[in-house]
Amino acid sequence: MSQYHVGQTIQKRCRTCLHDEAKVIKVDRKDLNEKEAVILWSQCPECGSNDNELIPGED
Ligand SMILES: [Zn+2]
């Protein structure tokens, strides 16, 4: 269901170095009140900083 997959490059502003792309390192599916959400773990290729964000499922 998720459009995200490990190894994918996404557009995301790095909080540390402000690079505007990140690489997906992990995708966690989560069920929230009958709606699926995704926790997207990403890593900045420039500085190596990790980040994650909760993305609501699409329907
Ligand atoms: Zn960075």
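Here, the structure is the one placed above.
Residues numbered from 1 in each chain as written. Predicted model: local features only at pLDDT ≥ 70, side-chain atom pairs only at ≥ 80, totals over all residues.

Novice: Can you walk me through the pairing of strand S2 (residues 21–32) in this structure?
Specialist: Remember that side chains alternate between the two faces of the sheet whenever the strand is regular. Where strand S1 (residues 9–11) and S2 come together, three bridges link them in antiparallel fashion. Looking across to S2, one finds that glutamine 11 is bridged to glutamate 21. Between S2 and strand S3 (residues 35–43), which pair antiparallel one after the other, the connecting turn spans two residues, and asparagine 33 there sits at a positive phi close to 50°. (Pairing = 2+ DSSP bridges. Helix = DSSP H or I, 4+ residues; strand = E, 2+ residues; numbered from the N terminus.)

Novice: Any chance you could explain the sheet that holds S1 here in plain terms?
Specialist: Read from one edge of the open sheet, four strands run S1-S2-S3-S4, paired in antiparallel fashion. Since the sheet does not close on itself, it has two edges, and those belong to S1 and strand S4 (50–56), each with one partner. Between one strand axis and the next, the sheet turns by 45° as a mean value, whatever way the strands run. Sheet topology note: the S2/S3 ladder contains nine bridges and is antiparallel. Within S3, the residue paired with lysine 30 across the bridge is alanine 37. (Axes fitted to C-alpha atoms, helices over the stretch in contact; angles between N-to-C directions.)

Novice: Explain the pairing of S3 here, please?
Specialist: Judged from the seven bridges that link them, S3 and S4 form a sheet pairing that is antiparallel. Its bridge partner lying in S4, valine 38 is registered against isoleucine 55. From the end of S3 to the start of S4, which pair antiparallel, there are six residues, and glycine 48 there has a positive phi angle of about 80°.

All quantities given are derived from atomic positions and should not be read as evidence of function.
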